[in-house]
Amino acid sequence: MTWWRRGVIYEIYPRSFQDSDGDGVGDLRGITARLPYLRALGVDAIWLTPIYQSPQADFGYDISDHTAVDPQYGSLDDFDALVAAAHAQELRVLLDYVPNHTSDQHRWFREHPDWYYWRDEPNNWRAAFGGSAWERVGDRYYLHTYLREQPDLNWRNPEVRAAMLDVLRFWLDRGVDGFRVDAMRQLLKDPDWRDNPVNPDWDGVDPFESLLKVHSADLDEVQDVVAEIRSVIGDRLMVAEVYSPIERLVRYYGKNGNGAQLPFNFHLITTPWDAAAIADLVERYEAALPEGAWPNWVLGNHDRPRVASRVGTAQARVAAMLLLTLRGTPTLYYGDELGMIDGPDTGHDPGGRDGERTPMQWTAGGGFTTGEPWLPYGDLSVNVQDEPAMLRLHRDLIALRREFAEADYRTLHADDGVLAYARGDHHAVALNLTGEPRPLPVHGERLLSTHLDGGAERLRADEGVVLRI
Ligand code: NOJ
Ligand code: MG
């Protein structure tokens, strides 16, 4: 079994993980210094969100030079040192690859305007962070799916493809173990620029959702680009950001496995926290996987409110047990192993995502920086140094899951607030998704409780257990 099937991926938001030079912004040397912590936690790979040179309008997702490290984060030498140190500790390194757009400060935008999409008239498409997706320059408009500082690249232009595939080669040559591909669904647009239809189910909240993105995302032809990117990545790992219904999502595995090995499955983030709903999701996803495809699960990331804020601190332990015992590769967001909750929106991020990006909580005093942190700390009563139960639970779960990482999944019970499933013939998991005691629907030897003790006959409030059956 390849490492990424058995392993756990840990997402690092570099600005907020560890600062090494006191400027209040996390950096590569900081990450290198913290690798022993990750090794002890037991994860197998780190995914770094963008570290490249960037004006930081979208905190690194607006790249102005794909082959330079942003000076705030360090240098290429620091990057090489990070990769060497990670590999020496048997940790893999995944980078973020952002093919859909660049910064408007990238020299390509000045020197090769034809590498971007220009039109004389805008259509009705909207930008993810508000307003029209078209920005006027003189008497023409360019397309930006995100901020106006992030013009979309035209992947129908062979020069763009060649230049962007070379970016992959540059980092592969530096020894990275794979990539997480940003905004994979958005890569090609309707050649006729048709208006998007109105979304009849729009809830009136986010104008970006007021239209169905049938002409601006998830075109069938995107699969050709997925395969082309994968052909360059080869046997290393390709993870892809795909916010799509399950039937559409699983297409990103490609034909005969020529797509992403792990198209991110974000459905646990949006499915109601309910035993029957989660069982139904797992079964629909398992059934939809193409031959040979390996599942994966995500509970949170730098774009979504933290899991402990969504389900509550007590249920966050149960959620951790779910993430780390389902069949498939889990991706763990930094700080979720402590049960970090969202901080306030301090207005730094144009997408309102400051809350889930607060500094990693290393000590009761913070420990992230000797200076002023770029975002305020959250509640420091949970921190690594004090070894909270949540952190110990994560270590134990990550170690235990290796016993059944390859085993198949079977629902045993999904009713009355309790979800129970078997993993192969020897393990079962029972999760109480409520704040009241419940009967245990499956029996066996208790290997681990979310309460980190021997446990009782019943499932206690907010308790999950792993059993040997
Ligand atoms: C998805 C990234 O996760 C998000 O942080 C970013 O703003 C957009 N893509 C645009 O790159
Ligand atoms: Mg720094």
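This text goes with the structure placed above it.
Just so we're clear, the structure is a prediction, and the values are computed from it rather than from any experiment. (Residues numbered from 1 in each chain as written. Chains lettered and ligands numbered in written order. Predicted model: local features only at pLDDT ≥ 70, side-chain atom pairs only at ≥ 80, totals over all residues. Heavy atoms only, no water.)

Caption draft 1: Seen up close, the sheet that holds strand S7 (residues 134-137). Taken together, the three strands give an open sheet; going across it, the order is S6-S8-S7, and neighbouring strands pair in antiparallel fashion. With partners counted over all chains shown, the strands left at the sheet margins are strand S6 (118-119) and S7, one partner each. Judged from the two bridges that link them, S6 and strand S8 (residues 140-143) form a sheet pairing that is antiparallel. Bridge assignment links Arg119 to a residue of S8, and that residue is Tyr141. (Pairing = 2+ DSSP bridges. Helix = DSSP H or I, 4+ residues; strand = E, 2+ residues; numbered from the N terminus.)

Caption draft 2: Examining the coordination of the magnesium ion (ligand 2) more closely. Protein-derived ligands of the magnesium ion (ligand 2) are Asp19 (OD), Asp21 (OD), Asp23 (OD), Val25 (O) and Asp27 (OD), with the metal-ligand distances lying across 2.1 to 2.3 Å. On the primary sequence, the residues serving as donors to the magnesium ion (ligand 2) are separated as D-x1-D-x1-D-x1-V-x1-D. Using a relative accessible area of 39% as the deciding quantity, one classes Asp23 as partly exposed. (Donors = N, O, S within 2.8 Å, 3.2 Å for Na, K, Ca; no water. Buried < 20%, exposed > 50% of the residue type's maximum accessible area, 1.4 Å probe, protein only.)

Caption draft 3: Looking closely at the sheet that holds strand S18 (residues 464-468). Pairing in this open sheet of five strands is antiparallel, and the strands run S14-S15-S16-S18-S17 from one edge to the other. Both edges of this open sheet fall to strand S14 (409-415) and strand S17 (445-449), since each of them pairs with a single strand only. Taking each pair of neighbouring strands and ignoring which way they run, the sheet shows an average axis angle of 20 degrees. Summarising the sheet, strand S16 (residues 427-432) and S18 pair through five bridges and their orientation is antiparallel. By the bridge assignment for S18, Ala428 is matched with Leu467. Strands S14 and strand S15 (418-423) of the sheet are contacted by helix H10 (residues 275-288), whose axis makes an angle of about 155 degrees with S14. Sitting on the sheet, helix H12 (residues 313-325) is in contact with S15, S16, S17 and S18, with an inclination near 155 degrees to S16. (Axes fitted to C-alpha atoms, helices over the stretch in contact; angles between N-to-C directions. Contact = heavy atoms within 4.5 Å.)

Caption draft 4: Representation of the packing of helix H6 (residues 158-173) against helix H7 (residues 222-233) in the model. As a packed pair, H6 and H7 sit with axes 9 Å apart at the nearest point and diverge in direction by 30 degrees. Our pair here, H6 against H7, has a crossing hand that is right-handed. Taken together, the residues of H7 that come into contact with H6 (itself represented by Arg161, Leu165, Leu168, Arg169 and Leu172) are Val225, Glu228, Ile229, Val232 and Ile233. Among the residues forming the contact of H6 with H7, the class breakdown is seven nonpolar, no polar and three charged. (Left-handed = near helix turned anticlockwise from the far one by under 90°. Nonpolar A, V, L, I, M, F, W, Y, C, P; charged D, E, K, R; others polar.)

Caption draft 5: Main features of the environment of Asp425. For Asp425, the position within the fold is in the loop between S15 and S16. Owing to a relative accessible area of 62%, Asp425 belongs among the exposed residues under this scheme.

Caption draft 6: Broad picture of the packing of H12 against helix H13 (residues 389-400). Put simply, H12 and H13 touch, their axes get as near as 10 Å, and they point 15 degrees apart. Relative to H13, the element H12 lies roughly parallel. For the element pair H12 and H13, the recorded crossing hand is right-handed. Within the contact between the two elements, H12 uses Ala316, Arg317, Ala320, Met321, Leu324 and Thr325 and H13 uses Ala389, Met390, Leu393, His394, Leu397 and Ile398. (Parallel < 35°, antiparallel > 145°, perpendicular 65-115°, else oblique.)

Caption draft 7: Region of interest: H10. Here H10 is 14 residues long and its end C-alpha atoms lie 20 Å apart, about the 20 Å a rise of 1.5 Å per residue gives. For H10, the complete set of buried residues consists of Ala275, Ile278, Ala279, Leu281, Val282, Tyr285 and Glu286. Relative to the axis of H10, the buried residues are bounded by an arc of 160 degrees and lie together on one face. Buried residues along H10 sit against helix H8 (246-249), helix H9 (267-270), strand S12 (296-298), H12, S14 and S15. The backbone nitrogen of Ala276 has a side-chain oxygen 3.2 Å away, supplied by the residue at the start of H10, namely Asp274. (Expected span 1.5 Å × (residues − 1). Arc of directions from axis to C-beta. Polar contact = N/O pair within 3.5 Å; in protein donor to acceptor, adjacent residues only side chain to side chain.)

Caption draft 8: Main features of the pattern of salt bridges. A full pass over the atoms with the stated rule returns 35 salt bridges. Two residues, Lys189 and Asp152, come together in a salt bridge whose shortest N-O distance is 2.8 Å. A residue pair is termed long-range when its members are at least 10 positions apart, and Lys189 in the loop between strand S9 (178-181) and H7 and Asp152 in the loop between S8 and H6 qualify at 37 residues. You can call Asp152 buried: its relative accessible area is 0%. A salt bridge links Asp166 to Arg169; the nearest nitrogen and oxygen atoms lie 2.8 Å apart. Remark: Arg169 and Asp166 occur in helix H6; sequence separation between them is three residues, near one turn of the helix. One continuous salt-bridge network, built from bridges that share partners, spans Asp58, Asp303, Asp349, Arg353 and Arg357. (Salt bridge = Lys/Arg side-chain N within 4 Å of Asp/Glu carboxyl O.)

Caption draft 9: Here's a closer look at the site of ligand 1. Around ligand 1, a shell composed of Asp58, Tyr61, His101, Phe129, Tyr146, Arg180, Asp182, Glu241, His302, Asp303, Arg353 and Arg357 is seen. Between an oxygen atom of ligand 1 and a side-chain N or O atom of Asp58, the distance comes to 2.6 Å. Compared with its free state, where it exposes 300 Å², ligand 1 has 97% of that area covered by protein. (Near = heavy atom within 4 Å. Areas by Shrake-Rupley, 256 points an atom, 1.4 Å probe, with all protein chains shown as cover.)

Caption draft 10: Summary view of the nonpolar core. Counting 132 residues, the largest nonpolar core has Tyr10, Leu38, Trp155 and Ile229 as its most contacted members. Not counting chain neighbours up to four residues away, the residues in contact with Trp155 comprise Tyr97, Pro99, Tyr117, Val160, Arg161, Met164, Leu165, Leu187, Leu188, Val225 and Ile229. Ala430, Leu459, Val465 and Leu467 belong to the second-largest nonpolar core, a separate cluster that totals nine residues. (Core = buried A, V, L, I, M, F, W, Y, C linked by side-chain atoms within 4.5 Å.)

Read these as spatial facts, not as claims about activity.
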